[in-house]
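Each chain, letter by letter, is given below.
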Amino acid sequence: MDWQATRPGETEAPLPERTDARLVFIGRIRTPFATRDDCPRQGRQDGPICQVEIDAHWQPALKGIEAFAELDLLYWMHEARRDLLTQTPRGGGTLGTFALRSPVRPNPIALSRVKLEGVEDGVLLVRGLDCLDGTPLLDIKPFRCSHSHGTTGTSHAAS
Ligand SMILES: C[S@@+](CC[C@H](N)C(=O)[O-])C[C@H]1O[C@@H](n2cnc3c(N)ncnc32)[C@H](O)[C@@H]1O
């Protein structure tokens, strides 16, 4: 499939010449998904184990993360186009970009809540991802402590 093609009902916006944010990629996500056609639309917590490789420079920032059963991962959908105002997902009607979780958006930031299965030498082993192998990682936020039983996080997870 040509993922860059414009479909019926889709409209485009010119991209600004200047960009403002200066993001830092903190690692890469390794998944079994080599093409967009291989990716699930959303990750499942019973999906395959994926490796989240944290750059050596940022590995000290993982201290304490093993206490969490679930994490929110933010990542950069690096192969997505960024200029669509309306989109026509396969098998659906046309909707505005901000009414969709499509990777195609002005800032292609994705969010998945994943299950943390382990931490090995600066690599997080997680289930619940839907992204291409090699997708850049933007941030990690803890969701739920592994020894908490409710749905709210511990005080340090919430702060
Ligand atoms: C619908 S998005 C959902 C992303 C995230 N779970 C969210 O809700 O924000 C997932 C889809 O994005 C596409 N995708 C995955 N990795 C990508 C990447 N690195 N660049 C562009 N598109 C990607 C695949 O088609 C995948 O099925």
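Each remark here, short or long, concerns the structure printed above.
Residues numbered from 1 in each chain as written. Predicted model: local features only at pLDDT ≥ 70, side-chain atom pairs only at ≥ 80, totals over all residues.

**Regarding the overall build of the protein**
(1) Moving on: What the protein contains, in helices and strands, is 1 helix and 9 strands.
(2) Moving on: Each helix (α) and strand (β) of the protein, taken in turn from the N terminus, gives the series β-β-β-β-β-β-β-β-β-α.
(3) Moving on: Each principal axis of the C-alpha atoms in the protein carries an extent, and together these give about 50 × 35 × 30 Å.
(4) Moving on: Buried residues in the protein amount to 21% of all 159 residues.
(5) Moving on: Of the contacts formed within the protein by residues at least 6 apart in sequence, a portion of 72% connects residues at least 24 apart. (Helix = DSSP H or I, 4+ residues; strand = E, 2+ residues; numbered from the N terminus. Buried ≥ 20, exposed ≤ 12 C-beta atoms within 10 Å, placed from the backbone. Contact = placed C-beta atoms within 7 Å.)

**Some words on the pairing of strand β4 (residues 68-76)**
(1) Moving on: The sheet contact formed by β4 and strand β9 (residues 135-145) spans 7 bridges and is antiparallel. What sits directly across from Y75, in β9, is L137.
(2) Moving on: Note: β4 against strand β7 (residues 109-120), 7 bridges, orientation antiparallel. The residue of β7 that forms the bridge with W76 is I109. (Pairing = 2+ DSSP bridges.)

**As for the environment of L85**
(1) Moving on: Inspection of the secondary structure assignment puts L85 in strand β5 (residues 84-87).
(2) Moving on: Sequence-wise, L85 and A13 are 72 residues apart; in three dimensions their C-alpha atoms are separated by 6.3 Å.
(3) Moving on: Look past the residues within four positions of L85 in its chain and what remains in contact with it is T11, E12, A13, G96 and T97.

**Here's the deal with the sheet that holds strand β6 (residues 95-96)**
(1) Moving on: Taken together, the 3 strands give an open sheet; going across it, the order is β1-β5-β6, and neighbouring strands pair in antiparallel fashion. Two strands bound the open sheet, and with one partner strand each, they are β1 (11-12) and β6.
(2) Moving on: Sheet topology places β5 next to β6; 2 bridges connect them, and they run antiparallel. When the sheet's bridge partners are listed, T86 is paired in β6 with G96.

By themselves these figures say nothing about function.
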